[in-house]
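Each chain, letter by letter, is given below.
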Amino acid sequence: MKQYYDNLIYYRRIFRQMAETGFLEMNTTIELIRLMKSFGFHVRYGREIHGHREGMPLKTELELHASTLNQKEIPFDISDIKLGYTGLIADFDTKKPGPKIAFRFDIDALPIKETAVRDHLPNQLNFRSKDENTCHACGHDAHIAMGIVLGKYISEHYDMLCGSIRIIFQPAEEGVHGAKSMMEKGCVDDVDYMVGCHIGMNEHKDTIGVGTKDFLSTKKFNVTYWGRSAHAANNPEQGRNALLGGASLCLTLNSLIQYSSSNTKLNIGRFLSGQNRNIIAQDCSLEAEVRADHYTTLSDLWERIVQAVQGTALSFGLQYRIDVVGEAPDFKTEHPQFESLVNKTLLQQGFKTDFQPSFNGSEDVTYMLKKVEENGGKSIHFLIGAKLAAPHHNEAFDFNEDSMFLGFSMFTHLFPIIYTDYSSK
């Protein structure tokens, strides 16, 4: 298994340098297509795997990023990829009866400048992000590497496997933009078993969290107000102050999240307004998110948020617009007995496990987990324990590279567990 260990580290370090944010993962997608085709997988990508995409980069950003691609010796069409149709679906058919199993790995990075501190391992060994404004600060480089090496393992051990295996490399998880788009094209409609994972997330080193719980449903949204500018001293009454309207909305939104029976969270992460100190601000924009542990609570809260936006606009004489730019449901498995089977078997095989760890956050893999169970299949999510150099979404984020082998090894042990469960139906 040493070759797989070495492969994990090699690919992780390659893709760490290739960090690209949501729907801009063009280089990442191209290289993944090359690799999965070389392993004998049937690969689909581009418009074929995407529906409506929320939270898209500006057209100018897409064009600028596409212009940096090295397009020499690419033996397949990349025109869709250059338009932000990133990610891919890779299928391997063993030609033997059995279940269809899908693994999902997210591939996007964050708009964070990686730390320049010398003892940061990517700096020591020269595999830091080549883009100074982008960094794999959430471990998706590990996810990419595990997906690649799992694909290599499948291609080399297909005689020991049955059914078919799908590996989904999903774009734009940060901001929960990407999964919904792929779901619209049925990326898991025919799947019997769905597997998701995340490295770190407070799980202890050398431990596999089995059957992650407490996923929060979420909406990411932008609000824009338009008013009327005026001189702040000479004729302020002729203005309509969008800045004050936006500030009032911020206070109102944070007063809405008190629910006695639900875990609700709201954050306004960005607020832009104003031209000068002596001008009544004519526009305002804010970027926010809301989360809840039940989608019914989120729906009620969202209705109140929309009413607050409308009411504030009326009070301040403003025009408004609300844009939903990302969303994901909560998830709770309908098959806890399957999680118990997996946990028990992994323990017997020598893994250290943490049964049903809490995620306490949002992840759009929940779309896929939920859909498979709605269709009669089974889903499971894992946390892969790691020692972190800094928290997720921090400029110094890094993890012990052994953790990737822990996750990969667990995936290879998962196949016989699933086959046993499938044959018992």
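On a predicted model such as this, the values are computed, not experimentally measured, just so you know.

Reading the values: the criteria
- Residues numbered from 1 in each chain as written.
- Predicted model: local features only at pLDDT ≥ 70, side-chain atom pairs only at ≥ 80, totals over all residues.
- Heavy atoms only, no water.
- UniProt positions renumbered as here; feature names shortened; annotations may be inferred.
- Buried < 20%, exposed > 50% of the residue type's maximum accessible area, 1.4 Å probe, protein only.
- Helix = DSSP H or I, 4+ residues; strand = E, 2+ residues; numbered from the N terminus.
- Contact = heavy atoms within 4.5 Å.
- Domains from an automatic or database assignment.
- Buried area = accessible area lost by both parts, 1.4 Å probe.
- Pairing = 2+ DSSP bridges.
- Axes fitted to C-alpha atoms, helices over the stretch in contact; angles between N-to-C directions.
- Lys, Arg positive; Asp, Glu negative; His and termini not counted.
- Salt bridge = Lys/Arg side-chain N within 4 Å of Asp/Glu carboxyl O.
- Parallel < 35°, antiparallel > 145°, perpendicular 65-115°, else oblique.
- Left-handed = near helix turned anticlockwise from the far one by under 90°.
- Expected span 1.5 Å × (residues − 1).
- Patch = residues over 30% accessible without salt bridge, like charges linked within 9 Å, V, L, I, M, F, W, Y side chains within 5 Å.
- Areas by Shrake-Rupley, 256 points an atom, 1.4 Å probe, with all protein chains shown as cover.

What about the UniProt feature "binding site: Mn(2+)" (unreviewed entry) in the protein?
In this structure's numbering, the residues bearing the UniProt feature "binding site: Mn(2+)" (unreviewed entry) are C138, H140, E174, H198 and H393. The annotated residues occupy 256 residues of the chain but converge on a single region, no pair of C-alpha atoms lying more than 13.6 Å apart. Residue C138 is classed as buried on the basis of its relative accessible area of 7%. Assignment of secondary structure puts H198 in strand β5 (residues 193–199). The residues touching H198, leaving out its near neighbours within four places in the chain, are C138, H140, H143, F359, E363, H381, F382, L383, I384 and H392.

Looking at the domain arrangement of the protein
Domains assigned within the protein are domain 1 (1–215 + 330–424) and domain 2 (217–328). In this complex, domain 1 contributes 15 residues to the contact, which on the side of domain 2 involves 14 residues. When domain 1 packs against domain 2, close to 1,000 Å² is buried across both sides, 44% of that on carbon and sulfur atoms. When the area that domain 1 buries against domain 2 is broken down by residue, the three leading residues are V176, D330 and S362, summing to 46%.

Regarding the sheet that holds strand β4 (residues 164–170)
Within a sheet, neighbouring strands are paired by backbone hydrogen bonds and run either parallel or antiparallel to one another. The mixed open sheet is built from eight strands, whose spatial order is β1-β2-β4-β3-β5-β14-β6-β12. A single partner strand is all that each edge strand has here, and the edge strands are β1 (42–45) and β12 (353–355). Taking each pair of neighbouring strands and ignoring which way they run, the sheet shows an average axis angle of 20 degrees. Bridge analysis of strand β3 (residues 100–106) against β4 gives seven bridges, and the strand direction is parallel. Looking at the pairing, K100 lines up with S164 of β4.

A word on the UniProt feature "domain: Peptidase M20 dimerisation" (unreviewed entry) in the protein
Mapped onto the present numbering, the UniProt feature "domain: Peptidase M20 dimerisation" (unreviewed entry) falls at residues 220–310. Summarising residues 220–310: 32% helix, 30% strand, and an end-to-end C-alpha distance of 18 Å.

Some remarks on unusual backbone geometry
The phi dihedral of A172 falls on the positive side, at around 55 degrees, and the residue is not glycine. Relative to the helices and strands, A172 is located in the loop between β4 and α6 (178–183). The backbone of D214 sits at a positive phi, close to 65 degrees, despite the residue not being glycine. Along the polypeptide, D214 turns up in strand β7 (residues 213–215).

Details of the side chain of S164
Mapped onto the elements of the fold, S164 is located in strand β4. Setting aside anything within four residues of it in sequence, one finds S164 in contact with F92, D93, P99, K100 and I101.

Some words on the side chain of E173
Mapped onto the fold, E173 is located in the loop between β4 and α6. Of the side chains with opposite charge, R104 comes closest to the buried, unpaired E173, at an N-O distance of 5.1 Å. Dropping the residues within four chain positions of it, E173 is found in contact with R104, D106, D108, H140, S362, E363 and D364.

Focus on the packing of helix α2 (residues 26–38) against helix α5 (residues 140–156)
Close contact between α2 and α5 brings their axes to 10 Å; oriented N to C, the two are set at 15 degrees. Here α5 runs roughly parallel to α2, going by the angle between their axes. α5 is crossed by α2, and the crossing has right-handed handedness. Across from T28, L32, L35 and M36 in α2, the residues of α5 making contact are I144, I148 and G151.

Some details on helix α9 (residues 336–348)
For an α-helix the count is 3.6 residues per turn, leaving residues at separations of three or four pointing the same way. For α9, with 13 residues, the first-to-last C-alpha span of 18 Å sits near the 18 Å given by 1.5 Å per residue. Looking at α9, one finds that the buried residues are F338, E339, V342, N343, T345 and L346. In this structure, the buried residues of α9 make contact with β5, β6 (208–210), β12, β14 (378–384) and α11 (402–423).

Digging into the environment of Q319
Of note, Q319 is situated in strand β11 (residues 319–328). The class of Q319 is exposed, set by a relative accessible area of 56%. Leave out the neighbours within four places in its chain, and Q319 touches T224, Y225 and W226.

Comments concerning a nonpolar patch on the surface
Together, L243, L244 and F271 line one region of the surface with nonpolar side chains, adding up to about 230 Å² of accessible area. Residue position: F271 is located in strand β9 (residues 264–273).

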